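# Breakdown of the fold
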Amino acid sequence: MPITRPFLLYLRSRFHLALVLSAAGLVVLSAVFLRPRIVLPIVVITVAYAVLAGTLFFSRKGAREIVAESDEDRLKKVREKISRYASLRERISVLRLGDERMSRAVELFLQESGSYLDKCRELKAYSPLANERIERVLEICQVFLGERDESATGRRYGLPGSGEEPAPAEQFARDVVDCATVVRQRATEDLLGVSGEERLSIMKELEEKK
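All values derive from a computational prediction rather than experimental measurement. Numbering of residues starts from 1 in every chain and runs along the sequence as written. Residue-level local features of this predicted model are given only where pLDDT is at least 70; pairs of side-chain atoms are given and counted only at 80 or more, and the full residue set underlies all totals for whole chains, interfaces and linings. Where side-chain values are given, they derive from all heavy atoms of the structure, hydrogens and water being excluded.

### Section: helix α5 (residues 100-123)
Here is the rule: What counts as a helix is a DSSP run of H or I of at least four residues, what counts as a strand is a run of E of at least two, and both are numbered from the N terminus. Multiplying one less than the number of residues by 1.5 Å gives the expected span of a helix. Three labels apply to residues, based on accessible area from a 1.4 Å probe with only protein chains included: buried if under 20% of the type maximum, exposed if over 50%, partly exposed otherwise in between. Any pair of nitrogen or oxygen atoms within 3.5 Å is treated as a polar contact; in protein, a donor-acceptor pairing is required on top of that, and neighbouring residues in sequence qualify only through side-chain atoms on both sides.
The end-to-end C-alpha distance of α5 is 35 Å, a good match for the 34 Å that 24 residues give at a rise of 1.5 Å each. Here α5 has its buried residues at M102, A105, V106, F109, L110, E112, S113, G114, Y116, L117 and C120. By the N-cap criterion, in which a side-chain oxygen at the helix start approaches the backbone nitrogen of a residue two or three places on, α5 is capped by D99, the distance to R101 being 2.9 Å. Just beyond α5, the residue with positive phi is K124, at close to 55°.

As structure tokens, this is what we get:
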């Protein structure tokens with residue numbers, strides 16, 4: 001992935017911060033020991049810092065610092081993404097579905113998505129398609145529960161058409177199982193058996209297709 005804002009990444013790098021602290025320390029020492037002639041040392045230190053910082057920015061050391069900061073940004077975003085979908089999975093796990101078919105399907109999905117998220121944490125990567133299926137299962141469960149609630153309300157008040165099955169649980173369950181299958185496939189095809197560079201390429205490509 002191309003690195004954006006390289007200079008800002010360099011400025012916040014540990015190496016550059018150490019350089020800034022060193023320059024600031026020299027300014028403080030100058031203020032303490034060279035108080036009558038403080039202006040000239042500060043000018044010299046500032047110029048020396050600017051020249052050194054600029055030179056190091058274009059050096060191999062500077063490039064390594066930029067790449068390291070860019071990688072840290074990427075890993076932070078990956079961790080946030082994994083945490084978000086782990087939270088969605090947790091919401092699914094506490095739903096009371098009230099139907100054995102749906103419960104079995106969701107149990108399968110929780111097993112597959114749990115293994116997938118563990119692998120995401122291990123490899124510091126994710127599959128956008130698998131993440132989308134986690135969102136979809138939450139939507140399926142919410143729609144299923146909403147239809148059951150509407151049907152229950154209709155039967156309670158004798159509304160027309162309320163005597164039918166509260167929700168086509170079999171179809172909802174099949175949809176959940178399909179999502180579990182996709183999560184398992186994506187965990188294998190997008191995360192396992194490829195290098196870190198290939199995983200980054202896959203993640204970028206799939207994100208662009210969403």
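### What to know about the pattern of salt bridges
Counted only if it meets this: Put simply, a salt bridge is a Lys or Arg side-chain nitrogen that is within 4 Å of an Asp or Glu carboxyl oxygen.
Applying the stated criterion to the full structure yields 11 salt bridges. D118 is the partner of R121 in a salt bridge, and the nearest nitrogen-oxygen pair spans 3.1 Å. One end of the pair, R121, and the other, D118, are both in helix α5, 3 residues apart, so they sit about a helical turn from each other. Sharing partners across several salt bridges, the network here consists of D99, R101 and E170.

### Considering a nonpolar patch on the surface
Stated formally: Note that patches include only residues with greater than 30% relative accessible area and no salt bridge, and the join distances are 9 Å for like charges and 5 Å for nonpolar side chains (Val, Leu, Ile, Met, Phe, Trp, Tyr). All accessible-area figures derive from a Shrake-Rupley calculation using a 1.4 Å probe, and residue coverage is judged against the displayed protein chains alone.
Residues L26, V28, L29, V32, F33 and L34 make up a contiguous nonpolar surface patch of roughly 600 Å² in combined accessible area. Relative accessible area serves as the criterion here: at 42%, L34 is assigned to the partly exposed category.

### What to know about the packing of aromatic side chains
Put simply, the test is: Stacked, edge-to-face and tilted labels apply to pairs of Phe, Tyr and Trp rings (six-membered ring for Trp) whose centres lie within 6.5 Å, assigned for plane angles under 30 degrees, over 60, and everything in between, in that order. Remark: a charge is flagged as sitting over a ring if the NZ atom of Lys or the CZ atom of Arg is within 6 Å of the ring centre and within 35 degrees of the ring normal.
The tally for this structure, following the rule as stated, stands at 1 aromatic pair. Their ring planes at 65° and their centres at 5.4 Å tell us that F144 and F172 sit as a pair that is edge-to-face. Note that F144 is positioned in helix α6 (residues 128-156) and F172 in helix α7 (residues 169-191), a separation of 28 residues in sequence. Like F172, F144 is buried. Geometry around Y85 places R84 over its ring, the cationic atom sitting 4.8 Å from the centre.

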